[in-house]
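# Fold and contact review
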Amino acid sequence: MAIIIDGKTVSASVKNSVAEECRTLFEKTGKKPGLAVIIVGDDPASRVYVNNKKKACELVGFVSREYALPASTSQEELSALVKELNSDREINGILCQLPLPKHLDEKAVIELIAPEKDVDAFHASNVGKIMIGDFDFLPCTPAGVMEMLDYYNIEIAGKECVVVGRSNIVGKPMSMLLLHRNGTVTICHSKTKNLKEVCRRADILVAAVGIPKFVSGDMIKEGAVVIDVGINRTADGKLCGDVDFAEAEKVASYITPVPGGVGPMTIAVLMKNTLTAFKLQNLL
Ligand code: GUN
């Protein structure tokens, strides 16, 4: 049976060190990191995420501001808010919760956020910096996965790493972070042939496709490390990942559960990124 990678424990450890550094910097400067979170419309999942981000800010000692805008908000109104926050000296990090309502252009909003305040690391400038390995921020979810692997002393160098999913938010940056750490990385997607065989090569298998129980037990090599980034809801309202957990835990050496795996890590890294933004902007 696999060892369960406990995202709550790792996340608490990251948040504790952020809180400690935040306290030290406050004693030195009298200033606290500030995070602005923009939410447009009333998507229930986004509301839960934004509430959790606010709670995490309180826990680590940041100032958090929420901008809850109606679903009818125009591109111009949203742009005006982002521009205002870009020049607000109390705000070090800006996060616009995605997805946005259909009539709004997500890409345009992301590109308008000042790269030094882009704590999601979604701006093309930050994405480019990640490609060349010279970055200030890492995207929260993939960086959270790396924190988990490190916490459990899971070796990456030389390992076969297979990432299922090629999104800009998870799959692509995840592959790059594993590559930076000398993993041999394969990215799979909907057109991949022999998906099962490719997955079975993995020493580290990351599932980020957004399809409930997409990765079955027979797609996993005995002893592989299985990281499940999926957060899906089943018909009866329960959370479930992209991996069939019951099958996978019988073959894997380590596995992340859903919930309580990768999910809590995303917010912990967001706190870390906001602290980094604060330090960079205050030359600390
Ligand atoms: N929606 C789902 N995940 C994320 C995330 O990491 N950042 C933002 N801004 N929106 C999201």
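Use the structure listed above.
Given the structure is predicted, the values throughout are model-derived calculations rather than measurements.

### Notes on the pairing of strand E7 (residues 204–207)
- Burial of E7 is two-sided: the residues Ile204 and Val206 facing one way and the residues Leu205 and Ala207 facing the other way are all buried.
- Pairing geometry for strand E5 (residues 160–164) and E7, over four bridges, is parallel. Across the sheet, the residue bridging to Val164 is Ala207, located in E7.
- Bridging between E7 and strand E8 (residues 225–228) involves four bridges; their strand directions are parallel. Bridge pairing links Leu205 to Val226 in E8.

### What to know about the sheet that holds strand E1 (residues 3–4)
- In spatial order, the strands read E1-E11-E8-E7-E5-E6; together these six strands make up an open sheet with parallel pairing. What marks the edges here is a single partner per strand, and that holds for E1 and strand E6 (184–188).

### Brief notes about the side chain of Lys53
- With respect to the helices and strands, the residue Lys53 is situated in helix H2 (residues 44–60).
- One buried charge, Lys53, has no salt-bridge partner; the nearest side chain with opposite charge is Asp120, at 5.5 Å.
- Once you skip the residues sitting within four places of it in the chain, Lys53 turns out to touch Leu95, Gln97, Ile267, Leu270 and Met271.

### Some thoughts on the state of the cysteines
- In this structure the tally under the stated criterion is zero disulfides.
- Left unpaired, Cys57 is separated from the closest cysteine sulfur, that of Cys22, by 9.7 Å.
- With no disulfide partner, Cys199 has as its closest neighbouring cysteine sulfur the one in Cys188, 5.0 Å distant.
- For Cys199, a relative accessible area of 1% translates into the label buried.

### With respect to a nonpolar patch on the surface
- On the surface, Tyr49, Ile231 and Leu239 cluster together into a nonpolar patch covering about 230 Å² of accessible area.
- Mapped onto the elements of the fold, Leu239 is located in strand E10 (residues 239–240).

### Structural notes on helix H3 (residues 75–86)
- Here H3 is twelve residues long and its end C-alpha atoms lie 16 Å apart, about the 16 Å a rise of 1.5 Å per residue gives.
- Inspection of H3 places Gln75, Leu78, Ser79, Leu81, Val82 and Leu85 among the buried residues, and these make up the whole buried set. Buried residues of H3 fall within an arc of 160° about the axis and therefore sit on the same side. In H3, the exposed positions that point more than 90 degrees away from the buried face belong to Glu76, Lys83 and Glu84.
- In this structure, the buried residues of H3 make contact with strand E2 (34–40), strand E3 (63–69), strand E4 (93–96) and helix H4 (106–112).

### Quick word on the environment of Ala248
- With respect to the helices and strands, Ala248 occurs in helix H9 (residues 245–251).
- A C-alpha to C-alpha distance of 4.7 Å links Ala248 and Gly217, two positions 31 residues apart in sequence.
- If we skip the residues at most four places from it in the chain, Ala248 touches Gly217, Ile220, Val243 and Ile255.

### Notes on unusual backbone geometry
- Cis geometry marks the peptide bond from Leu98 to Pro99, where omega comes out at 0°.
- Inspection of the secondary structure assignment puts Pro99 in the loop between E4 and H4.
- We note that Asn182 has phi near 70°; this positive angle belongs to a residue other than glycine.
- Mapped onto the secondary structure, Asn182 falls in the loop between helix H7 (171–180) and E6.

### Observations concerning the packing of helix H1 (residues 7–29) against helix H6 (residues 140–151)
- For the pair H1 and H6, the least separation of the axes is 10 Å and the interaxial angle reads 100°. Regarding the angle of H1 to H6, the classification is roughly perpendicular. Of the residues in H6, those touching H1 at Gly7, Thr9, Val10, Ser13 and Val14 are Glu147, Met148 and Tyr151.
- Partitioning the contact of H1 with H6 into residue classes produces four nonpolar, three polar and one charged.

Cut-offs used in this document
- Residues numbered from 1 in each chain as written.
- Predicted model: local features only at pLDDT ≥ 70, side-chain atom pairs only at ≥ 80, totals over all residues.
- Heavy atoms only, no water.
- Buried < 20%, exposed > 50% of the residue type's maximum accessible area, 1.4 Å probe, protein only.
- Helix = DSSP H or I, 4+ residues; strand = E, 2+ residues; numbered from the N terminus.
- Pairing = 2+ DSSP bridges.
- Lys, Arg positive; Asp, Glu negative; His and termini not counted.
- Salt bridge = Lys/Arg side-chain N within 4 Å of Asp/Glu carboxyl O.
- Contact = heavy atoms within 4.5 Å.
- Disulfide = S-S within 2.5 Å.
- Patch = residues over 30% accessible without salt bridge, like charges linked within 9 Å, V, L, I, M, F, W, Y side chains within 5 Å.
- Areas by Shrake-Rupley, 256 points an atom, 1.4 Å probe, with all protein chains shown as cover.
- Expected span 1.5 Å × (residues − 1).
- Arc of directions from axis to C-beta.
- Axes fitted to C-alpha atoms, helices over the stretch in contact; angles between N-to-C directions.
- Parallel < 35°, antiparallel > 145°, perpendicular 65-115°, else oblique.
- Nonpolar A, V, L, I, M, F, W, Y, C, P; charged D, E, K, R; others polar.

Interpretation note: all reported values are geometric properties and have no functional meaning in isolation.
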